[in-house]
Amino acid sequence: MAQTYNTTGLILKRRDYQENDRLFYVYTKDHGKIEIVAKGTKKISSKLNSYLEPFYLVNLMIAKGKVFDKLANANIIKSYENLRNDKELIGFFLINYLSEIIYNLILGQTPQNKKYELLIELLDILDVEIIKERENKKEWLLFLSNIFMLKFLNHLGYRPEIQRCLVCHKAILLTKNIFDFSRGGVICEDCKKVCLIEDYIKVSDKVIKLLQLAETKDLKYFLSMTNGHDEINEFNKVLQRLILVNTERPIKSMEFYKVVP
Ligand SMILES: [Zn+2]
């Protein structure tokens, strides 16, 4: 009998494979991003299909295989129904946004621990926040997701320098700073005058503060914050550029974000 193992993870993506099968990419705590084949799942009648939707949190039993490991059994731990059933489709966007970026950022099969737990914490928060009435909900939930993204990038070793100027190393004062994407961090007004910087945007003091807080405070801290619409949009812009620099590919799901009301 084939050797089997059990693991827990989030389904990131799937694609058709051969005549009746599908390949699934799963983000797991113990093994990072794994690729498994699920036999017969291209058929509508396959009972496994109901367990294998994107961002279902599932328990998996997997059999070791020569080319691909094979899904032997699955059951759902959590399905984040509020995100999934959101009529405004913001939830659908968030699932796509997070799965796309995590799929692109996680390359090897290494234990994820903190990064994985952080994602589960975010999903629990989003699944509650999505059913609350709120102005600019789309921007707000993307903001929470991007706070997570900054922490996730930090854990991956892609930490941007936010506390000190990248050039002179002086503590960042809250005045006329820029974010330099090619160097990966904040540069002060004095250094900006003497450096050749091509890929940058100006960042307001409030957003510098938010970036600094995102490094140190946990996700729940931001739930009680009352940030202005402009700061949130500015923060989201900085994070999108930062993700782009680190994944080296455009975020396709942002096309969908633009059309969500
Ligand atoms: Zn400086």
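Residues numbered from 1 in each chain as written. Predicted model: local features only at pLDDT ≥ 70, side-chain atom pairs only at ≥ 80, totals over all residues. Heavy atoms only, no water.

Looking now at the overall build of the protein chain. Within the protein chain, the regular secondary structure consists of eight helices and eight strands. Taken against the 2.2 N^0.38 rule, which gives 18 Å for 261 residues, the C-alpha radius of gyration of the protein chain at 20 Å falls within 12% of a compact globule. Along the three orthogonal principal directions, the C-alpha set of the protein chain runs to about 65 × 40 × 30 Å. Within the protein chain, contacts between residues separated by at least 24 positions form 62% of all contacts whose residues are at least 6 apart in sequence. (Helix = DSSP H or I, 4+ residues; strand = E, 2+ residues; numbered from the N terminus. Rg over C-alpha atoms; globule rule 2.2 N^0.38 Å. Contact = heavy atoms within 4.5 Å.)

At a minimum axis distance of 10 Å, the contact between helix α6 (residues 205-216) and helix α7 (residues 229-247) shows a crossing angle of 60 degrees. As far as their axial angle goes, α7 and α6 are oblique. The two elements α6 and α7 meet at a crossing, and its hand is right-handed. Across the interface between the two elements, K206, V207, L210, L211 and A214 of α6 pack against E231, E234, F235, V238 and L239 of α7. Split into classes, the residues belonging to the contact of α6 with α7 amount to seven nonpolar, no polar and three charged. (Axes fitted to C-alpha atoms, helices over the stretch in contact; angles between N-to-C directions. Parallel < 35°, antiparallel > 145°, perpendicular 65-115°, else oblique. Left-handed = near helix turned anticlockwise from the far one by under 90°. Nonpolar A, V, L, I, M, F, W, Y, C, P; charged D, E, K, R; others polar.)

The next thing to look at is the layout of surface pockets. As a volume, the largest pocket reaches approximately 430 Å³. In terms of lining, the largest pocket is formed by 18 residues, of which the most central are L12, K13, N96, S99 and E100. Those elements giving two or more residues to the lining of the largest pocket turn out to be β1 (4-17), α1 (81-85) and α2 (90-105). Ranked by residue count, the leading element in the lining of the largest pocket is α2, at seven residues. Looking at the lining of the largest pocket, its residues break down into seven nonpolar, four polar and seven charged. Counting residues domain by domain, the lining of the largest pocket receives three or more from each of domain 1 (4-78) and domain 2 (81-259). Estimated volume of the second largest pocket: approximately 280 Å³. Forming the boundary of the second largest pocket are 13 residues, of which K237, Q240, M254, Y257 and K258 lie nearest the centre. Elements with a minimum of two residues in the lining of the second largest pocket: α7 and α8 (253-259). Counting residues per element, the lining of the second largest pocket draws most heavily on α7, which supplies six residues. (1 Å grid on protein atoms, 1.4 Å probe; cavity = no way out; pocket = protein on both sides within 12 Å on 5 of 7 lines; lining within 4 Å. Points joined across faces, edges and corners; volume = space filled by probe spheres on them. Domains from an automatic or database assignment.)

Turning next to the domain arrangement of the protein chain. When its domains are assigned, the protein chain resolves into domain 1 (4-78) and domain 2 (81-259). Computed from C-alpha atoms alone, the centre-to-centre distance between domain 1 and domain 2 is 29 Å. Between domain 1 and domain 2, the residue contacts involve 20 residues of the former and 22 residues of the latter. Overall, the association of domain 1 and domain 2 removes approximately 1,800 Å² of surface from exposure, summing both partners, and the carbon and sulfur fraction of that is 62%. (Buried area = accessible area lost by both parts, 1.4 Å probe.)

Our next topic: the coordination of the zinc ion. With distances of 2.3 Å, the protein atoms coordinating the zinc ion are C165 (SG), C168 (SG), C188 (SG) and C191 (SG). Here the zinc ion is ringed by four donor atoms whose angles at the metal span 105 to 116 degrees, and the overall shape comes out tetrahedral. Written as a sequence motif, the donor arrangement for the zinc ion is C-x2-C-x19-C-x2-C. Note that C165 is positioned in the loop between α4 (137-156) and β6 (177-180) and C188 in the loop between β7 (185-187) and α5 (189-194), a separation of 23 residues in sequence. Residue classification places C165 among the buried residues on the basis of a relative accessible area of 1%. (Donors = N, O, S within 2.8 Å, 3.2 Å for Na, K, Ca; no water. Tetrahedral: all angles 85-135°; square planar, octahedral: opposite > 155°, others 65-115°. Buried < 20%, exposed > 50% of the residue type's maximum accessible area, 1.4 Å probe, protein only.)

Taking strand neighbours across the sheet as the criterion, the three strands line up as β7-β6-β8 in an open arrangement whose pairing is antiparallel. Every interior strand has two partners, whereas the edge strands, β7 and β8 (200-203), have only one. Sheet twist, expressed as the mean angle between neighbouring strand axes with direction ignored, is 35 degrees. Here three bridges tie β6 to β7, and the two strands are oriented antiparallel to one another. Opposite D180, over in β7, you have G185 as the bridge partner. The strands touched by α7 are β6 and β8; relative to β8, the strand with the most contacts, the crossing angle is about 155 degrees. (Pairing = 2+ DSSP bridges.)

As a further point, take the pairing of strand β4 (residues 57-63). The element β4 is extensively covered by neighbouring structure, given that five of its seven residues are classed as buried. Note that β1 and β4 share seven bridges and pair antiparallel. When the bridges of β4 are listed, N6 appears paired with M61. Taken together, β4 and the strand that follows it, strand β5 (residues 69-78), pair antiparallel across an intervening segment of five residues.

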